[in-house]
Amino acid sequence: MKRYHVTTFGCQMNAHDSERIKGMLEELGLGEAASQDEADVLVFNTCTIREKPDQRFAAHIAQARALKERDGKVIAVGGCYAEAQRERLFDLYPFVDVAFGPGSIAHLGEWLGAGGEAPRSSFGIGQERSFAADLAPHRERRFQAWVQVSMGCNSVCSYCIVPKVRGREVSRRPAEIMAEVTRLAGQGVRELTLLGQNVNSWGRDLRPDLETGFAELLRACDAVPGIERIRFTSPHPKDFRPDVIAAMAESESVCEHAHLPVQSGSTRILKAMKRTYSRERYLRLVDELRTGISDLALTTDIIVGFPGETERDFAETLEVVEEVGYDGAFTFVYSPRSGTEAATMPNQVPEEVKRERIERLVDLVQRIAHERNQERVGGVEQVLVEGSSRTDALLQRGRTRRNTTVNFTGSAVPGELVDVQIDGATSLTLRGALRAAVAA
Ligand code: 5AD
Ligand code: SF4
């Protein structure tokens, strides 16, 4: 039996795409190899959001080339970097056999050929996009699943390459989504994460044919028996409407967590980023969310060193972090992406200034996240068990409804919902002891 290996870069959408790539390769009769070395077909599902993933891919592909020269492996490169570099990919890497964009996973099988005998230089980028919904994904965990609700993005954030590579937003039809959710629940899935580049604008492109929106989708998923936790990522603050806040509050299985990318705390910079909200409007939304949903965890994404960002602008970002008191934040140094508006803006911020700013930001984010986690000590959290702890095999690991990782003592089985008494906290995790199983 031929074997494949998939290396994934980037976001949860890519991780989910990789599950479908694996599912498809298995349908073709290939088995999964434990390492690149042992595989006959090497797939790279790439990301291009910042320069770093580009560089990581370059290192991986150099190694893949050496493996190919040794024993003739088939190399397929998919995902966002492949799409962004579609004009030059085969010039840069002539030893790549198949290239495919994020919307063409459904065709990968045809290009690879049955059994993974790739016709050299097949090419399938920039073609008609589809959801690849018929592909049964190869999921890592029986009790958790991602569900793609849309593809593409209609925003025009001036730093971001995603709309260029993933195209205009297309919402998946609700009947198709609900059929998948019901099937997953039947397979034992308890936690769903709805995925889209901007989940809160889901349904807009289906009108006037279908009058629906993300709030209705949340409620419909909540009504599916067996689904006990619903998460979603990412919403854009500009599209987070009161009906979605109400649906979150009233749907028992929707978790008390919103990932709300702020990007900057300076209205001036937000404007240059084309985020279409001001600092004040963002903070109002945070208030509305916290008023509507009790015990809500908030996390965010922040970029430092956007072109023209002054010390004053950066100080405003620090103020917002302090004022919101995020439970966690992904922090990024601005990385110019060719083809985006911001890449050619004047006043690019020098590297050393960006470095210095991100260090200050990370310190603040960690201090506040630690304080927020400390507030949970002494309480009991419902935890969905995921496996053993990454740092100590004697401990179990899982996540709370608010999406914080908990390491705990006591015996529990992955997939189980348990109550954990919290007795310690770091900026990233909680510690505790098992109290009881909530449900079998
Ligand atoms: N440079 C740095 N960070 C970026 N992001 C998106 N584009 C860039 C860029 N060019 C960040 C944003 C986004 C997250 C997924 O990545 O914060 O929310
Ligand atoms: Fe995900 Fe964006 Fe990276 Fe594509 S470029 S994998 S959408 S983070």
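Student: Whenever I open this one, the nonpolar core confuses me. Can you help?
Tutor: In summary, soluble globular proteins display a tendency toward joint burial of nonpolar side chains. Ranked by size, the top nonpolar core spans 67 residues in total, and within it Leu194, Leu218, Met248 and Leu289 carry the most contacts. What Met248 contacts, discounting residues up to four positions off in sequence, is Leu218, Phe232, Phe240, Val254, Cys255, His257, Leu289, Ile293 and Leu296. In this structure, Phe44, Ile75, Val77 and Ala82 belong to the second largest nonpolar core, which totals 19 residues.

Student: Hey, could you run me through the site of ligand 2 in this one?
Tutor: Every residue lining ligand 2 is accounted for by Cys11, Asn14, Cys47, Thr48, Ile49, Cys80, Val162, Arg166 and Gln197. In terms of residue class, the shell around ligand 2 is built from 5 nonpolar, 3 polar and 1 charged. Counting contributing residues per domain, the shell around ligand 2 is built from domain 1 (3-128) and domain 2 (139-255), each supplying no fewer than three.

Student: Would you mind going over the sheet that holds strand 7 (residues 144-148) with me for this structure?
Tutor: Two pairing modes exist for strands in a sheet, parallel and antiparallel, and in both the strands are linked by backbone hydrogen bonds. Spatially, 3 strands are ordered 7-10-11 in an open sheet, and the strand pairing comes out parallel. The open sheet has two edge strands with one neighbour each: strand 7 and strand 11 (229-233). Averaged over neighbouring strand pairs, the angle between their axes works out to 20 degrees when direction is ignored. Pairing between strand 10 (residues 191-195) and strand 11: 5 bridges, direction parallel.

Student: Help me out: how do you make sense of unusual backbone geometry in this one?
Tutor: Arg207 connects to Pro208 through a cis peptide bond whose omega is 0 degrees. Within the secondary structure, Pro208 is located in the loop between strand 10 and helix 8 (214-222). Although it is not a glycine, Gln263 sits at a positive phi angle of roughly 70 degrees. The topology assignment puts Gln263 in the loop between strand 12 (257-259) and helix 10 (267-272). Classification of Gln263 as buried rests on a relative accessible area of 7%. For Asn403, which is not glycine, the phi torsion reads 75 degrees and is therefore positive. When you line up the elements, Asn403 lands in the loop between strand 16 (396-400) and strand 17 (405-409). Since its relative accessible area comes to 26%, Asn403 is described here as partly exposed.

Student: Would you mind showing me how to read the site of ligand 1 here?
Tutor: Surrounding ligand 1, one finds Ile49, Arg50, Tyr159, Gln263, Asp301, Ile303, Phe332, Val333, Tyr334, Ser335 and Arg337. Within the backbone of Tyr159, an N or O atom sits 3.1 Å from a nitrogen atom of ligand 1. Between ligand 1 and the protein, one listed contact pairs an oxygen atom with a side-chain N or O atom of Asp301 at 2.7 Å. For ligand 1, whose unbound accessible area comes to 410 Å², protein coverage reaches 87%. Contributions of two or more residues to the shell around ligand 1 are made by strand 13 (297-304) and strand 14 (328-333). In terms of residue class, the shell around ligand 1 is built from 6 nonpolar, 2 polar and 3 charged.

Student: What is the right way to look at the domain arrangement of the chain in this model?
Tutor: When the parts come together, some accessible area is lost, and that loss is often what is quoted as the size of the interface. When cut into domains, the chain gives domain 1 (3-128), domain 2 (139-255) and domain 3 (380-439). Between the C-alpha centres of domain 2 and domain 3 the distance comes to 26 Å. Here domain 2 and domain 3 share an interface that buries about 1100 Å² over both sides, 39% of which is from carbon and sulfur atoms. For the domain 2 face of the interface with domain 3, the top three residues by lost area are Phe143, Arg190 and Arg229, together amounting to 48%. Taking the shortest distance from any N to any O, the salt bridge between Arg399 and Glu191 comes out at 3.5 Å. In this structure, the connection of domain 2 to domain 3 is made through 10 residue pairs in polar contact (both at pLDDT 80 or more).

Student: What exactly am I supposed to notice about the sheet that holds strand 12 here?
Tutor: Read across the sheet, 3 strands follow the order 12-13-14 without closing on themselves; strand pairing throughout is parallel. Each having just a single partner strand, strand 12 and strand 14 make up the two edges of the open sheet. For this sheet, the mean angle separating the axes of adjacent strands, direction not counted, is 10 degrees. In this sheet, strand 13 lies alongside strand 12 in parallel orientation, the contact comprising 3 bridges. Bridge pairing in strand 13 links His257 to Ala297.

What counts and how
Residues numbered from 1 in each chain as written. Chains lettered and ligands numbered in written order. Predicted model: local features only at pLDDT ≥ 70, side-chain atom pairs only at ≥ 80, totals over all residues. Heavy atoms only, no water. Core = buried A, V, L, I, M, F, W, Y, C linked by side-chain atoms within 4.5 Å. Buried < 20%, exposed > 50% of the residue type's maximum accessible area, 1.4 Å probe, protein only. Contact = heavy atoms within 4.5 Å. Near = heavy atom within 4 Å. Nonpolar A, V, L, I, M, F, W, Y, C, P; charged D, E, K, R; others polar. Domains from an automatic or database assignment. Pairing = 2+ DSSP bridges. Helix = DSSP H or I, 4+ residues; strand = E, 2+ residues; numbered from the N terminus. Axes fitted to C-alpha atoms, helices over the stretch in contact; angles between N-to-C directions. Polar contact = N/O pair within 3.5 Å; in protein donor to acceptor, adjacent residues only side chain to side chain. Areas by Shrake-Rupley, 256 points an atom, 1.4 Å probe, with all protein chains shown as cover. Buried area = accessible area lost by both parts, 1.4 Å probe. Salt bridge = Lys/Arg side-chain N within 4 Å of Asp/Glu carboxyl O.

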